[in-house]
Amino acid sequence: MKFSRTARRVTAPVLATMLLALVGGTPVSAAPATGTTSTWTLVDLPQRICAIPDDPRALYYFVVLDGTWSTTITASYTGMPAGTEVYSPQSTPPGSGDGHVVQILAAFRLHGAPLGHYVPQLQATDGTVTQSVPVTLDIRSSC
């Protein structure tokens, strides 16, 4: 079966999350900031997007949390290439997660971003603790 580009972008992370849920595996997670304790963890999913420099679509990475949180958690990025517009606010209200459910779609759009291989950091913060995980963004003339 051949998938469209959009389906390929979404399929791998979704399948990884579903497989973890089915087999009962424990996902690799980001460690809380040094010197602080946290009741939640940002799950480190292998996420990769291939896009063209002026892709007209909104693109996104999944923010999956494990644990409980009593304040709003907000998602952001560091290390995105020039020409990237990050949509905001991207947050989830107080709640809980089992490490298998997407709480936030951290959306962005490219506006003339330079070609290249980037490894930005997807971040989540509750205002006290900030955690981050690497994601992959390949900007090519065609994907």
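Residues numbered from 1 in each chain as written. Predicted model: local features only at pLDDT ≥ 70, side-chain atom pairs only at ≥ 80, totals over all residues. Heavy atoms only, no water.

## Some details on the overall build of the chain
Just so we agree on the cut-off: Secondary structure elements follow DSSP: runs of H or I of four or more residues count as helices, runs of E of two or more count as strands, with numbering from the N terminus. Pairs of residues are marked as contacts when any of their non-hydrogen atoms sit within 4.5 Å. Only the protein chains shown count as cover for residues, and the accessible areas themselves come from Shrake-Rupley with a 1.4 Å probe.
Of regular secondary structure, the chain possesses 1 helix and 11 strands. For the chain, the succession of helices and strands along the chain, N to C, is α-β-β-β-β-β-β-β-β-β-β-β. By sequence separation, contacts in the chain at least 24 residues apart represent 70% of the contacts at least 6 residues apart. Carbon and sulfur atoms make up 59% of the accessible area of the chain, which totals about 7,400 Å².

## Overview of the side chain of Asp138
Operational definition: Partly exposed residues are those whose accessible area sits between 20% and 50% of the maximum for their type, while under 20% is buried and over 50% is exposed, using a 1.4 Å probe and protein chains only.
Note that Asp138 resides in strand E11 (residues 136-139). Note on Asp138: relative accessible area 6%, which makes it buried. Aside from chain neighbours lying at most four places away, what touches Asp138 is Arg48, Ile49, Cys50, Ala51, Gly116 and His117.

## Things to note about the environment of Arg140
Within the secondary structure, Arg140 is located in the segment after E11. For the pair Arg140 and Leu115, spaced 25 residues apart in sequence, the C-alpha to C-alpha distance is 5.3 Å.

## A few points about the sheet that holds strand E10 (residues 130-134)
Basically, it comes down to this: What makes two strands pair is DSSP finding at least two bridges between them.
The 4 strands are arranged E6-E4-E9-E10 in an open sheet whose pairing can be described as antiparallel. The sheet is open, and its two borders are formed by strand E6 (91-92) and E10, each paired with just one other strand.

## Overview of the nonpolar core
To keep things clear, this is the line we draw: Take the buried Ala, Val, Leu, Ile, Met, Phe, Trp, Tyr and Cys residues and link them wherever side-chain atoms come within 4.5 Å; each set so joined is a nonpolar core.
In terms of nonpolar packing, the biggest core is built from 26 residues, with Trp40, Tyr61, Val63, Phe108, Leu110, Leu122 and Leu137 touching the most fellow members. Those elements that provide at least two residues to this core are strand E1 (40-42), strand E2 (48-51), strand E3 (59-69), strand E4 (73-78), strand E7 (95-110), strand E9 (121-125) and E11. Here this core gets 5 residues from one element, more than from any other, and that element is E3.

## Some remarks on the state of the cysteines
To keep it simple, the criterion reads: Cysteine sulfur pairs qualify as disulfides if the two atoms are within 2.5 Å.
Going through the model one piece at a time under the given rule, you end up with 1 disulfide. What pairs with Cys50 in a disulfide is Cys143, and their sulfur atoms sit 2.1 Å apart. Taking the torsion about the S-S bond as the criterion, the Cys50 to Cys143 disulfide, at about -85°, is left-handed. Of this pair, Cys50 sits in strand E2 while Cys143 sits in the segment after E11, and the two are 93 residues apart along the sequence. Judged by its relative accessible area of 11%, Cys50 is buried.

## A few points about the pairing of E4
The alternating pattern of E4 places Ile73, Ala75 and Tyr77 on a buried face and Thr74, Ser76 and Thr78 on a face that is not buried. Relative to E6, E4 runs antiparallel, the two being bridged by 2 bridges. Each bridged residue has a counterpart across the sheet, and for Ile73 the counterpart in E6 is Thr92. As judged from the 5 bridges shared by E4 and E9, these two strands associate in the antiparallel manner. When the sheet's bridge partners are listed, Ser76 is paired in E9 with Gln123.

Worth remembering: the numbers are spatial, not functional.
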